[in-house]
Amino acid sequence: MLEEFLIQTINGIVVGMILALVASGLTLIFGIMDVVNFAHGELFMLGAYVGVVTLAGTGSFWLALLVATLVVAALGAAIHVTTLRPLLGRDPLNTILVTFGISLVLQNYALWQFGPVARKINEPFTGHFNLFYLEYPWYRLVIALLSAAIIAGLWLFLKYSTYGVWIRATTQDRLMAQAMGIPVPRLLTIVFAIGSGMAAASGVLFGPLVGVNHAMGLDWVLKAFIVVVVGGMGNLVGSIAASIFISLTESYASLWVSPSQAIIVSFVVLILTLLIRPTGLFVPTPK
Amino acid sequence: MTARRTRIFWMAFAVILALLIVMPFGLPEFWRRFLTEILIWGLLAMSSDILIGYTGMVSFGHSAFFGLGMYGAAAALLTTRPPSLWLALLYGLIAAATVAAFVAYFSTRLRDIYFAITTLIFSQIFYVIIFTWTDATGGENGLAFSRPALAIPGLFSLPFTTLTLYWFVLAVVTGSYLVLRRITRSPFGMVLQSIRENEARTRAIGYPVERYKIVAVMFSGLFAGLAGVLYAIQNRFAAPDFVFFVVSGEAVIYNIMGGVGTLVGPIVGAAAFLLLREGLSRLFPYLASVASQHGLALPGLAEFPYLIPLGIIFIAIVIFMPQGLLGFARRRLNE
Amino acid sequence: MTAADHSEALVRVEDIHTYYGKSHILHGVSLEVRRGEIVGLLGRNGVGKSTTLKAIMGLVHPTRGEVLLEGQSLGHLPAHRVARLGIGYVPEDRRIFRLLTVSENLRTGLDGRGVSEARKKELLEMVFDFFPVLAERRNQAGGTLSGGEQQMLAIARAMMLEPKIILLDEPTEGLMPRMVSQIRHIIHVLRREGVAVLLVEQNVPLTLETSERVYFMEKGQVRHQAAASELHADHEVVHKYLGV
């Protein structure tokens, strides 16, 4: 029992780190832009597909990771310029509607382009180590570390680069940021591209664990929403903590119930959060 | 509303209703069923207009109410002999109202996008429960049952035909429209609209805003459940797909396409969406066949998903016509 | 700074009208600020002084009339482009970035491209020279500064843009008298550096003392202008427009 518990702990942390990677992109986009990105899961899914294609063409997993990140970041920038920039200054609810439309388009495009059969991304290496009675793949630990590294990279970028300072300034006071000469519209496009690229990277990293199909984004976007709400919307550290917390509880729950039911546990976490701190969890509604 | 405008409204209402009553006579079977579907989805859209258009809350969780209406009806039709239409309605409404009360209690504590996300996640809770609780719900396969007769015990009993089912649905939807219209014009509806305009002020005047919101969500959920019951009766099954949040998203799309805050707009939006979907899903295979007749092989064209152009149209409407088709048409007419 | 410079209009506002929703805020405001000149803008609350500054900054776009910088119309240029053309903005409530450190607040004004690292350092050092208090607190979050320090930071931040003019909106509001003389000093520094200032103030003595010319606004229009030196003697005008 203890062994299983430890195994689930490791599983929970691994999945939690990927979730954190997805959710921090979502948090970044929400916290800075007031955009609730319904299409985030689809960017995750498209990243995985671009990874599949690049991997098939080049045979290099790491190149696939890089290409997927860049291609989807560029797609994110294009989506932002064409559909979200016109909504600047309108009620944030409009962004949910538009990104919902985008998710429909992207999901159906993927279904049409790649078909309903799941694709496989091979792990870049297949080594195992002994974890009690299990042969635990090294790759899983590498994913967790890579996700952590990407998030750390984001943090350093936000903390030290000029763009990072601009982004944080814009989060706090968009109007004043503009008056300081910060090119806010361009900055928002860059932020959306970064968040999209992060979603794509998580898609490629996670691909080897589950297989790639057109609907894989849905579960993730829902979980990421829960994480973002539980962690406090727009709060990066909060959503990382919430990602790990929620993945761990789901992992432990799967000791007793089937994995598909384990997600109910995160729903319950969400409801409890809403009950105990119905408003305190959120940054004040931006108005 | 002035007396003259009231008269014009009721005249238009009577004309449109009369047209809707006779419309199926000129239509083949397929389109009769199609018309019935439009009315049912229109009712779902209209129910969420109470929140979107009148209270300023966007629900992404109406699939839960709709789906529970379906499963409630299924429960009644599978457990009682002979299957009764009225029990199906009763069970469906009770199921939807219970879920609506539950969701309303939690979600109305939050505003704006937080409300939208919370309703979305709640609907997914019910989706997962229904999907995994195979013993009771049939899981992924859902539940199939036979259609009840239109009957009043001791008086008469008529099996539904496509035509009579259409009229029955039309009657229910028309009745719902009148009730919802009444609600939106009642003092209660006025408070909802004042919440939409300025929540803080409404609270300051002394209205218990949260309680009003809870009741609004419950009303809305009740009518969404009614739509679910009708859908179950028409299609003789209940399936988890209809609890999935994509259905909620479509309800929002109907609202935005048609124009929120009008009750009629969402029905127009549903009609436009479903017609476009039907047209586009036929267009691409047709184009492919035309192309192949001219010796052009365009692989994939026949299977091109209609949801791509539909999604793009929806995005364009959000960006360029924030008042929806009805609002757009109205402005054009006024110019 | 030469005499020729001084005679030429740096910023010219020509008959601008603005609306907030349906309410008409500015009813045709016209004024000008010459190179290196300190100009006061006085008037009671709600006559449109702050809106005039916002319109110059491009934060509010006039529905009629235009704002010219060095003879070029700013049209509907977004605020960030206007800032880069050399207009610094210090808003009424200071609006410093509270969670950013003092250095980071200043860095927001540095152009990401174009400006060399050496020049950025130089600018930072220059600003820290003017405001030694800020140098001491450079790694402290902006929100933890006192009111007076925040005001200095807001002005210092605008100076990072190397502006030709700074729009200063009620810099002494809510400050202790000791800090007011600091502000007076800062305005003198700006004058010495050749930066023009359009000063909106409630503090009439400070305005008359620091400004060369003064405009009076009433009901969304400029009603009167005079040299500050004439106004010292002419309390009637001040009384008429300000009720003091």
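Above this text sits the structure in question.
Residues numbered from 1 in each chain as written. Chains lettered and ligands numbered in written order. Predicted model: local features only at pLDDT ≥ 70, side-chain atom pairs only at ≥ 80, totals over all residues. Heavy atoms only, no water.

(A) Structural view of the interface of chain C and chain A. Facing 26 residues of chain C, the contacting portion of chain A comprises 22 residues. Buried surface at the junction of chain C and chain A, summed over both partners, amounts to about 2000 Å²; 60% is from carbon and sulfur atoms. Counting every contact that joins chain C to chain A gives 2 salt bridges. Arg95 of chain C is the partner of Asp173 of chain A in a salt bridge, and the nearest nitrogen-oxygen pair spans 2.8 Å. The tally of links from chain C across to chain A stands at 8 residue pairs in polar contact (both at pLDDT 80 or more). Residue assignment for the side of chain C that touches chain A shows that the elements contributing at least two residues are helix 3 (79-84), helix 4 (102-107) and helix 7 (147-159) of chain C. Sorting elements by how many residues they give to the side of chain C that touches chain A places helix 3 of chain C first, with 4 residues. Among the residues forming the side of chain C that touches chain A, the class breakdown is 13 nonpolar, 4 polar and 9 charged. (Contact = heavy atoms within 4.5 Å. Buried area = accessible area lost by both parts, 1.4 Å probe. Salt bridge = Lys/Arg side-chain N within 4 Å of Asp/Glu carboxyl O. Polar contact = N/O pair within 3.5 Å; in protein donor to acceptor, adjacent residues only side chain to side chain. Helix = DSSP H or I, 4+ residues; strand = E, 2+ residues; numbered from the N terminus. Nonpolar A, V, L, I, M, F, W, Y, C, P; charged D, E, K, R; others polar.)

(B) Fine view of the layout of surface pockets. Computed from the structure, the second largest pocket encloses a volume of approximately 1000 Å³. Residue lining of the second largest pocket: 31 residues in total, with Asp219, Lys223, Glu250, Pro259 and Ser260 of chain A positioned closest to the centre. Elements supplying a minimum of two residues to the lining of the second largest pocket: helix 1 (2-33), helix 8 (184-210), helix 9 (216-230), helix 10 (236-253) and helix 11 (259-276) of chain A together with helix 5 (112-132) of chain B. Looking at the lining of the second largest pocket, the element that brings in the most residues is helix 9 of chain A, giving 6 residues. (1 Å grid on protein atoms, 1.4 Å probe; cavity = no way out; pocket = protein on both sides within 12 Å on 5 of 7 lines; lining within 4 Å. Points joined across faces, edges and corners; volume = space filled by probe spheres on them.)

(C) Local environment of the environment of Pro285 of chain B. Residues and elements named next belong to chain B. Secondary-structure assignment places Pro285 in helix 12 (residues 264-293). On the basis of relative accessibility, which here comes to 33%, the residue Pro285 falls in the partly exposed class. Taking the C-alpha atoms as reference, Pro285 lies 33 Å from Ile21; in sequence the two are 264 residues apart. (Buried < 20%, exposed > 50% of the residue type's maximum accessible area, 1.4 Å probe, protein only.)

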